[in-house]
Amino acid sequence: MNARANTEREIVEEHIKVEQKRRRCLMCGEMFDSFGPGNRICKKCKSKQAWRSGA
Ligand SMILES: [Zn+2]
């Protein structure tokens with residue numbers, strides 16, 4: 001059981017390593033740490049967008 005949990009944990013950690021990449025923000029062009037393939041906008045612009053679309 002323990003060995004199984006360790007293996008799952010290792011896979012998750014490796015997955016996070018792959019998902020976290022430096023990307024250029026589509027909004028301001030600044031480099032930022034992306035958390036996934038769909039994350040193309042930096043935190044700053046994302047919060048700005050949320051504030052805008054938040055009716
Ligand atoms: Zn930005």
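Computed from a prediction, not measured in an experiment: that's the story for all the values here.

J.: Can you lay out the overall build of the protein chain for me, pointing to particular residues and giving the numbers?
T.: Along the backbone of the protein chain there are 2 helices and 2 strands. Starting at the N terminus and ending at the C terminus, the protein chain contains elements arranged as α-β-β-α. In the protein chain, buried positions account for 2% of the 55 residues.

J.: Can you tell me about the pairing of strand β1 (residues 21-24), naming the residues and giving the values?
T.: With 4 bridges connecting them, β1 and strand β2 (residues 31-34) associate as antiparallel partners. Bridge assignment links K21 to a residue of β2, and that residue is S34. Taking the residues between adjacent antiparallel strands as the criterion, β1 and β2 are bridged by 6 residues, where G29 takes a positive phi near 80 degrees.

J.: Please give an account of the confidence of the model for the protein chain that cites residues and values.
T.: A residue-level look at the protein chain finds 62% of positions with pLDDT of 70 or above and a mean pLDDT of 75. Across the protein chain, element-level confidence peaks in β2 with a mean pLDDT of 87 and bottoms out in helix α1 (residues 2-19) with 67.

How each quantity is defined
- Residues numbered from 1 in each chain as written.
- Predicted model: local features only at pLDDT ≥ 70, side-chain atom pairs only at ≥ 80, totals over all residues.
- Helix = DSSP H or I, 4+ residues; strand = E, 2+ residues; numbered from the N terminus.
- Buried ≥ 20, exposed ≤ 12 C-beta atoms within 10 Å, placed from the backbone.
- Pairing = 2+ DSSP bridges.
- pLDDT = per-residue confidence, 0-100.

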